[in-house]
Amino acid sequence: MFSVITMFGMDLVVTRQVSLAHSKGDTDGAVAATATALRVVLTSGLLVALAITGLAPLIAQWLHKPGLVVPLRLLVVMPIAYHAASIFIVATQAKMVMRYEFWARGVFQPILLFALTSLVLRLGGGLWGACLAVALGMSLTALLSGHFYSRELPLLPTLRAAWKSPVDPALVRMGMPVVVLGLVWGIQGSIDSLFLARYRAAEDVATYKACVIYVISLGQVRSAFYPVVCAKLPPLLAANDPGPVNAFIQRQTRWVAVIAMPLCVLFAGFGDGLLAVFGPGFVRGAPALAILALGHLFGALALPAYVLLLSGKARYSTLAGASCLVFQLVALPILVPRFGLIGAALSSALGMVLSQVVQLGYAWKIARVHGFSAGLGKVVVAALSGFVVGRALFERAPFSLPGRFFGGVGVAGVVYLTVLLALGLSEDEKTTVKAANDRIRELLSRAFKR
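Residues numbered from 1 in each chain as written. Predicted model: local features only at pLDDT ≥ 70, side-chain atom pairs only at ≥ 80, totals over all residues. Heavy atoms only, no water.

Even without being a glycine, Asn240 presents a positive backbone phi close to 60 degrees. Following the sequence through the fold, Asn240 ends up in the loop between helix H11 (226-238) and helix H12 (242-269). By relative accessible area, which is 68% here, Asn240 ends up exposed. You will see that Arg368, though not glycine, has its phi angle at about 55 degrees, which is positive. (Helix = DSSP H or I, 4+ residues; strand = E, 2+ residues; numbered from the N terminus. Buried < 20%, exposed > 50% of the residue type's maximum accessible area, 1.4 Å probe, protein only.)

Describing an aromatic ring pair means giving the distance of the ring centres and the angle of the ring planes. Taken as a whole, this structure holds 10 aromatic pairs when the rule is applied. When the centroid spacing of 5.0 Å and the interplanar angle of 70 degrees are considered together, the rings of Phe102 and Trp103 count as edge-to-face. Their ring planes at 75 degrees and their centres at 6.0 Å tell us that Tyr214 and Phe278 sit as a pair that is edge-to-face. Separated by 64 residues along the polypeptide, Tyr214 in helix H10 (residues 202-224) and Phe278 in the loop between helix H13 (271-275) and helix H14 (286-301) bring together distant segments of the chain. (Phe/Tyr/Trp six-rings, centres within 6.5 Å; stacked < 30°, edge-to-face > 60°.)

Turning to helix H2 (residues 10-24), a few remarks are in order. Between the first and last C-alpha of H2 there are 21 Å, a value that for 15 residues agrees with the 21 Å anticipated at 1.5 Å per step. Of the residues making up H2, those classed as buried are Met10, Leu12, Val13, Val14, Thr15, Arg16, Val18, Ser19, Leu20 and Ala21. The positive-phi residue at the C-terminal boundary of H2 is Gly25, with phi of around 70 degrees. (Expected span 1.5 Å × (residues − 1).)

Within the structure shown, the criterion is met by 0 disulfides. In this structure Cys264 is a free cysteine whose sulfur lies 13 Å from that of Cys211, the closest cysteine sulfur available. A relative accessible area of 6% places Cys264 in the buried class. In this model Cys324 remains outside any disulfide bridge; the closest cysteine sulfur is found in Cys264, 18 Å from its own. (Disulfide = S-S within 2.5 Å.)

Time to look at a nonpolar patch on the surface. Together, Leu46, Leu47 and Leu50 line one region of the surface with nonpolar side chains, adding up to about 310 Å² of accessible area. Locating Leu46 in the fold gives a position in helix H3 (residues 27-62). For Leu46, a relative accessible area of 46% translates into the label partly exposed. (Patch = residues over 30% accessible without salt bridge, like charges linked within 9 Å, V, L, I, M, F, W, Y side chains within 5 Å. Areas by Shrake-Rupley, 256 points an atom, 1.4 Å probe, with all protein chains shown as cover. Salt bridge = Lys/Arg side-chain N within 4 Å of Asp/Glu carboxyl O.)

What follows is about the pattern of salt bridges. All chains considered together, the criterion is met by 5 salt bridges. Linking Asp272 and Arg391 is a salt bridge whose minimum nitrogen-to-oxygen distance equals 3.3 Å. Remark: Arg391 occurs in helix H18 (residues 374-396) and Asp272 occurs in helix H13; sequence separation between them is 119 residues. Linking Glu395 and Arg391 is a salt bridge whose minimum nitrogen-to-oxygen distance equals 2.6 Å. Placement of the pair is Glu395 and Arg391 together in helix H18, with a separation of 4 residues, close to one helical turn. Connected through shared salt-bridge partners, Lys95, Arg99 and Glu152 make up one network.

Within the element layout of this structure, Gln93 appears in helix H5 (residues 77-93). A distance of 2.5 Å separates a polar atom in the side chain of Gln93 from a polar atom in the side chain of Glu101. Once residues lying within four places of it in the same chain are set aside, the contact partners of Gln93 are Met98, Glu101, Pro227 and Ala231. (Polar contact = N/O pair within 3.5 Å; in protein donor to acceptor, adjacent residues only side chain to side chain. Contact = heavy atoms within 4.5 Å.)

Let's shift gears to the nonpolar core. In terms of nonpolar packing, the biggest core is built from 63 residues, with Leu233, Ile249, Phe267, Leu289 and Val307 touching the most fellow members. In terms of residues, this core owes the most to one element, H12, which gives 10 residues. Sequence-distant contacts of Val307, that is, excluding residues within four places in its chain, are made with Leu233, Leu237, Val245, Ile249, Ala367 and Val369. (Core = buried A, V, L, I, M, F, W, Y, C linked by side-chain atoms within 4.5 Å.)

How two helices sit against one another is set out by the angle between their axes and by the gap between those axes. Their axes nearest at 9 Å, the elements H11 and H12 cross at an angle of 165 degrees. As the angle between them shows, H11 and H12 are arranged roughly antiparallel. Relative to H12, the crossing made by H11 is left-handed. Residue-level contacts link Val228, Val229, Lys232, Leu233, Leu236 and Leu237 of H11 to Pro244, Val245, Phe248, Ile249 and Gln252 of H12. Looking at side-chain class alone, the contact of H11 with H12 contains 9 nonpolar, 1 polar and 1 charged residues. (Axes fitted to C-alpha atoms, helices over the stretch in contact; angles between N-to-C directions. Parallel < 35°, antiparallel > 145°, perpendicular 65-115°, else oblique. Left-handed = near helix turned anticlockwise from the far one by under 90°. Nonpolar A, V, L, I, M, F, W, Y, C, P; charged D, E, K, R; others polar.)

Bear in mind that shape data such as this cannot, by itself, settle questions of function.
This is the structure in structure tokens:
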């Protein structure tokens, strides 16, 4: 919750403004937007750090863990460092430069955190030392992100503007609905587990959380396309022509579906095998996993919702998120006591669908944009074909659970790809596949020459 407040929606602001400025060749505009975001993030981060420092004894007392006071105070730098790094990275992504997040947060940060915490623990630093190592690692990641930012936009003018220039109130107002939306999402992410803990045994809560571990990957598929969408979509929206916007959203939705649909088939059709990893008792959560997978799939495919966020109309996404939360608050006390795991999964999945339907409705009403296409239908048909054949093998094969799982998943994957190719790829997909194939051949050729 504190992390959401610290960001203050500035990642969205930077994405939109820097993308628009980059499309016009306006470096000063990109610097000004980034500087405003940095100033807001650093100010709010400092206030949050001071609040956590002061409230640490009360938090520790509330949780009956007096040892939390010092670790909490050591970690207060994280909201500042993490979100400063986010601003720098998002600004470069808005210029369609994606490699810096990979190097900063995909390589440098995890390796550094692993090295620092391992060293501190080997030296006997204990919990306090580990927290200090994490805070240091996050701070160094922010510095590296600033260095990467300087390769695309001038860093010193940005820092000077963040220190001296007044904050643009319009940009702050643009980010405010995202703060509320983030808080709503944060509550939604935990409320179903809270109700399960209230009405059901701890085993149900553990099984449900095991299901959630899997299905969140569907949302991560959509997130993988977020940098490209955020870099390309704002200039298209600024042109005020629904045609190119719709074509772009449909293409991105189809590409998300190509990856997300097989994952949904895996979770919905073969949850028995996936949950068995946690122990035999978890297998009973397979129906809940299937329901959650369908709900999260719908969320992953709802890319038109980005039109609301990146057109300065994030308040509509906030209303959609609030409608989902209200639905869950009504549905959970009814469904969980009666149906347990399945009730919690139904509440979460239906709430997700409701939220996305509301956003899709707003996106169509405001911008005449939707994500449906014939290509998306082909992906759905291919995924359903793989599900039917693979699940049939899973049910009837005379093997143990691991054998049936891997056999069913393998057959489902082959059927999916076969049907998808038989139905035909679109021209842009053929171009993408050809480019990827050429790149692989080039890399293999270089490797063999060496």
